[in-house]
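Report on the structure
Each chain, written out:
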Amino acid sequence: MTMLFDNIDDEDHKIFLDEEDENLFDLPPQSSAPPADMPTPRATEILIGHTSIEQQLLYMLDHHRFPHGFIFSGLEGVGKSVMAYRLARYLFSKDHKSEDSSGLFGETLARPSSPTPSSSLYTSPTDPVFARVASGGNPDLLLIERPFDEKTGRIRGSLPVEEIRKIAPFMRKTASVESGWRIVIVDDADTMTRSSQNSLLKILEEPPEKALLILIAHRAGALLPTIYSRCVHIPFAPLPDDDIRRSLLGRCPDHQIPLIISMAEGSLGAALEYADGQHADLIGQAIGLLQDGQGLRWNDIQIFADFFGNKGNDDSQRIFKETMLWVASGIVRNKINGFDRLKSAPLGRKLKIHDDLRIHFDKCQSGNLDKRFLIMGAYMVFE
Amino acid sequence: MKFSIDRAALLRALAHVQSVVERRSTIPILSNVLLKADDGMLTLSTTDMDIEMTEAIAADIAKPGQITAPAVTLHDIIRKFPDLSKVTLELDPSGNFITVKAGRSDFRLSSLPVSDFPQFGGGEFPTSFSVRAADLRALIDRTKFAMSTEETRYYLNGIYIHAAENEGVDVLRAVSTDGHRLARFEMPLPEGAAGMPGVIIPRKTVLEIRKLLEEAADEISIKLSANKITFEFDHIVLTSKLIDGTFPDYQRVIPAGNDKVVEVDPKIFSSAIDRVSTISDGKSRAVKITLNGKTMVLSANSAESGSAKEEIEVQSETEALEIGFNARYLLDITSQVDGEGCRLTLSDASSPTIIQDTSDPSSLYVLMPLRV
């Protein structure tokens, strides 16, 4: 008897585990890799826009007013990381050049008393520094990022203190080039936990010579005032539409460009992501299916949800979310083409759509609900 | 690139260089070894961005070139090949793979671009001198146990090496301390080391170089600059960053006025401390030493386990004295004393004690007492 019960028990247990496995623990790794033709900020050679910031940085450097810490803040994808790596490469390649000016047999050659000031922070991709910064293999550069969580298979939502604690040992070793720069780039600095921020403060309070800390933050307000006061804050403005348009040319069909520019709201990173073939299709279809909020073709929505709602399509689902929220907020602000019926609805109704949509997405996220429901539910809000 | 080489020679070199590679690095290029084949020599390099290790071995070079390959995997493969086999490595024409062949085995390993590999940059080394391997071994062994691991006083996380003068003789001095104990080792100043900058060699570098010294030949050439140190011997070059900090003025904590001298057999002393400290509890592992004429009583008390007492014979001219020490710290020091006698120079129960080997004046240890 006991045998039998044991068996049944085991079986039950197994089924339960399987289910849990599938829903909770077997999440596909989030693919945060950009589309193949889009280089990561580390390997991006060209900076778009932000020339005044570049001049400001050069001015500070030439006039020996370089701080120990920078906060680069602004929209995601606007060019903060690109600028940070550009600055790092520039400083490293300068270090190497000054070292090269020593003679073949160790004697120091006469150096120009005042090196000619550079007009930009550009470093050629043929410079050896470029490849090493891109691969993460520069001994004087430390990159701190949100770590990959092996338990959930996703990038963690916050920057834990263990990551920040890597900075002190790095700063306390000599640079690999004599009196060279040591640079730490903290990405997503606004997701630092409270203890991470306090740990970072310890370094900002007593920075070593020729050390530079660049904090990249999408929401500078999330940083402690004490961190703020020890860094030079450089806000990155959204890019002008023309700059984005130029970068989009040839990447997607021309008729989609105005829509993508409007959705990107000044973020080049977002625009390039939206312009990627599959993503642009998704955006077009998602908006098309809305049909001004009446007579929704549920059959088509079902097919659409089945297609994009399956596992491993995290990027598509995120872009779907961003698209729907953008439409909803466009309707509230009357800043979207089409959707005349929804736009003419009373403000209360429009706000309700927007809020309901947010609540729906939050619920799907926190409850880890079926992704097909995430898509279908969003349309229900508009109906 | 193509070359063939004896399995044993390649395995030996790979075993050396792969010990620097961090097992859990998030930067892919750091888990790779850089292989350079040129002029009858194969050069292998690895780095963790703080230390760079390079070893050159003779190889049969068919076509010179450079490539990177995953260090640990390559080491495992070579290790599993049968002894006395000849290994052939070749770069795939596509440039993305390296093939490793021995006998009938054939492996294809993925490779990363050579340009991604970190460079420590040449730079100048104004100071260079050489020391005997045995001396460098002694220097590290006598001091490494006292290195601190505490992050806040980062400038103590290594061995401080500098040129100094002791009673009119120029010496090369190594010092390490964690605030509770201090170890100082001296040797005659090697030629060329005069005027060297005082440098702090980081903990990991100390341990890596010590591993290599196990099988090192006679002479080690050391080169120094303000930001890097290089050790060179038997075709191995280890270059390391240094700790960017100021070592505290350790001379101040070496007491000059201690007048009570006690001599004891280090082996008897060590084993007695070891036995008695079985009883001591807590982190401090306190052992009390009571001196009375020619006897020394070691005792330990614990509220939970009980008490222990052991008497040993000593040579001493001093009056009675009671002093407490951390047993582990005391053992660390007495285990460094190889000679016949261990000399303790004390002052009182709250002042630091000097411990020395009676037959070897090159090393000196200072230990802070515990209140017991």
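Right, let's walk through the structure included here. (Residues numbered from 1 in each chain as written. Chains lettered and ligands numbered in written order. Predicted model: local features only at pLDDT ≥ 70, side-chain atom pairs only at ≥ 80, totals over all residues. Heavy atoms only, no water.)

So, the overall build of chain B
Scanning chain B for helices and strands turns up six helices and 26 strands. Seen along its three principal axes, the alpha-carbon backbone of chain B occupies a region of about 80 × 50 × 35 Å. Taken across its 372 residues, chain B has 52% of its residues classed as buried. For chain B, contacts bridging at least 24 residues in sequence account for 66% of all contacts bridging at least 6. Here chain B displays about 16,900 Å² of accessible surface, and carbon together with sulfur accounts for 48% of that area. Averaging the coordinates of the 40 positive side-chain charges in chain B and doing the same for the 53 negative ones gives two points 6 Å apart. (Helix = DSSP H or I, 4+ residues; strand = E, 2+ residues; numbered from the N terminus. Buried < 20%, exposed > 50% of the residue type's maximum accessible area, 1.4 Å probe, protein only. Contact = heavy atoms within 4.5 Å. Areas by Shrake-Rupley, 256 points an atom, 1.4 Å probe, with all protein chains shown as cover. Lys, Arg positive; Asp, Glu negative; His and termini not counted. Charge placed at Lys NZ, Arg CZ, Asp CG, Glu CD.)

Regarding unusual backbone geometry
All names here are of chain A. Unusually for a residue other than glycine, His64 sits at a positive phi of about 55°. By the secondary structure assignment, His64 is in the loop between α2 (51-62) and β1 (69-73). In this structure, Asn334 is a non-glycine residue whose phi angle is positive, near 55°. Inspection of the secondary structure puts Asn334 in the loop between α14 (314-332) and α15 (340-343). Exposure remark for Asn334: the relative accessible area of 46% places this residue in the partly exposed category.

Remarks on the pairing of strand β3 (residues 41-47) of chain B
All names here are of chain B. The buried fraction of β3 is high, at five of seven residues. Where strand β2 (residues 32-38) and β3 come together, five bridges link them in antiparallel fashion. Residue pairing in the sheet places Asp38 in a bridge with Met41 of β3. Connecting β2 to the antiparallel partner β3 that follows it, the hairpin turn spans two residues, and Asp39 within it adopts a positive phi of roughly 55°. Bridging between β3 and strand β4 (residues 51-58) involves seven bridges; their strand directions are antiparallel. Each bridged residue has a counterpart across the sheet, and for Ser45 the counterpart in β4 is Thr54. Taking the residues that link successive antiparallel strands as the turn, the β3-β4 hairpin has three residues, and the phi of Met49 there is positive, at about 75°. (Pairing = 2+ DSSP bridges.)

Remember, this is a structural readout, not a statement about activity or role.
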